[in-house]
Amino acid sequence: MLTEITPGADGPFFDIAYATANNITGTPIYGRGACFLHPRAAEAFHRARAAARAIGLDLLVFDAFRPTEAQWKLWQALPDPTFIADPRLGSTHGRGVAVDLTLCSPEGVALDMGTGFDEMTVLSYHAAAVAPEARRNRLLLLGVMAEAGFVHNEFEWWHYNLPDPDQYPLLTDAAAGTHMMP
Ligand SMILES: [Zn+2]
């Protein structure tokens, strides 16, 4: 029921942070780094990627479907609803309709967005006063994603999801058959 998006030598590029120790818990959360999206979100992702490529860029994915089991691990590490969705309420990632990503060069080098993925500071707010080049890059990403049908998140420049996410069911790793959890 979810569609897997796979990386390619010529993009899209992946840096699935929760499959590495480079996340707020300090240990890998996923057993394998994978990008699964609801078919509607996957179609929108492909539209966004085509738009990025049309302006000489590509997409670099940090996270997509996040099984409910993984959301619990993040919540236990940082139970702050400003940055982590309460797993009892569910997150847009748990519904397969959200993707965390950035723009990159055709070789996969990320553009400067002023802060890194999951950097929990007000500078990560979409409209934050970061340097002009980073601001321009955030707005380029916004344009690419909005045209494809995604909506942005005012607190995280890297986060995009489909409109009306609550209409999509929350899924566990087992229910989705994604085999992402260790
Ligand atoms: Zn996100």
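Data block above holds the structure.
Residues numbered from 1 in each chain as written. Predicted model: local features only at pLDDT ≥ 70, side-chain atom pairs only at ≥ 80, totals over all residues.

Turning next to the overall build of the protein chain. When helices and strands are tallied, the protein chain shows four helices and seven strands. The linear arrangement of helices and strands in the protein chain, starting from the amino end, is β-β-β-α-β-α-β-α-β-β-α. Its C-alpha radius of gyration of 15 Å places the protein chain within 12% of the 16 Å reference for a compact globule of 182 residues. Here the C-alpha coordinates of the protein chain stretch approximately 40 × 30 × 30 Å along the principal axes. Here the protein chain, with 182 residues, has 40% of them falling under the buried criterion. Partitioning the intrachain contacts of the protein chain with sequence separation of at least 6 by distance along the chain shows that 72% fall at a separation of at least 24. (Helix = DSSP H or I, 4+ residues; strand = E, 2+ residues; numbered from the N terminus. Rg over C-alpha atoms; globule rule 2.2 N^0.38 Å. Buried ≥ 20, exposed ≤ 12 C-beta atoms within 10 Å, placed from the backbone. Contact = placed C-beta atoms within 7 Å.)

Here five strands make up an open sheet; going across it, the order is E2-E4-E5-E7-E6 and the pairing mixed. The sheet terminates laterally at strand E2 (13-14) and strand E6 (151-153), the two strands that pair on one side only. Of the strand pairs in this sheet, strand E5 (residues 98-104) and strand E7 (residues 156-161) are connected by three bridges, and their pairing is antiparallel. Within E7, the residue paired with Ala98 across the bridge is Asn161. Against the sheet, helix H1 (residues 39-54) makes contact with strand E4 (58-63) and E5, and its axis sits at roughly 140° relative to E4, the strand it touches most. Together, E5, E6 and E7 form the strand contacts of helix H3 (residues 132-148), whose direction differs from that of E5 by roughly 125°. (Pairing = 2+ DSSP bridges. Axes fitted to C-alpha atoms, helices over the stretch in contact; angles between N-to-C directions.)

A few words on helix H2 (residues 68-77). Looking only at H2, the buried set comprises Thr68, Ala70, Gln71 and Leu74. For H2, the angular spread of the buried residues around the axis is 150°, confining them to a single face. (Arc of directions from axis to C-beta.)

Let us look at H1. Here H1 contains 16 residues, and its C-alpha end-to-end distance of 23 Å stays within 8% of the 22 Å for a straight helix at 1.5 Å per residue. Where the residues of H1 are buried, they touch strand E1 (3-5), strand E3 (35-37), E4, E5 and H3. The first or second residue beyond H1 is Gly56, which carries a positive phi of 80°. (Expected span 1.5 Å × (residues − 1).)

Tracing the backbone through its elements, the reader meets Met180 in the segment after helix H4 (173-176). Along the backbone, Met180 and Ala51 are 129 residues apart, and their C-alpha atoms lie at a distance of 29 Å. Once residues lying within four places of it in the same chain are set aside, the contact partners of Met180 are Tyr30, Gly31, Arg32, Ala34, Pro67 and Asp173.

Working note: regular strand, side chains alternate between the two faces of the sheet. Within E4, five of the six residues are buried, which leaves it mostly tucked inside the rest of the structure. In terms of strand pairing, E2 meets E4 through two bridges, oriented parallel. Along E4, the bridge assignment pairs Phe14 with Val61. Sheet analysis places E4 next to E5, joined by five bridges and oriented antiparallel. The residue of E5 that forms the bridge with Asp58 is Cys104.

The next point concerns the nonpolar core. If you look at the biggest cluster of nonpolar residues, it comprises 46 residues, and the most contacted ones within it are Leu37, Ala41, Phe45, Ala48, Leu59, Val61 and Val99. The element best represented in this core is H1, accounting for six residues. Leaving out residues up to four positions away in the same chain, Leu59 has contacts with Gly11, Pro12, Ala48, Arg49, Ala52, Leu101, Leu103 and Cys104. (Core = buried A, V, L, I, M, F, W, Y, C linked by C-beta atoms within 7 Å.)

Let us look at the packing of H1 against H3. At a minimum axis distance of 8 Å, the contact between H1 and H3 shows a crossing angle of 135°. Compared by their axis directions, H1 and H3 come out oblique. As for how H1 packs across H3, the hand of that crossing is right-handed. The segment H1 lies against H3, with Ala44, Arg47, Ala48, Ala51 and Ala52 engaging Val144, Met145, Glu147 and Ala148. Among the residues making up the contact of H1 with H3, the classes are represented as seven nonpolar, no polar and two charged. (Parallel < 35°, antiparallel > 145°, perpendicular 65-115°, else oblique. Left-handed = near helix turned anticlockwise from the far one by under 90°. Nonpolar A, V, L, I, M, F, W, Y, C, P; charged D, E, K, R; others polar.)

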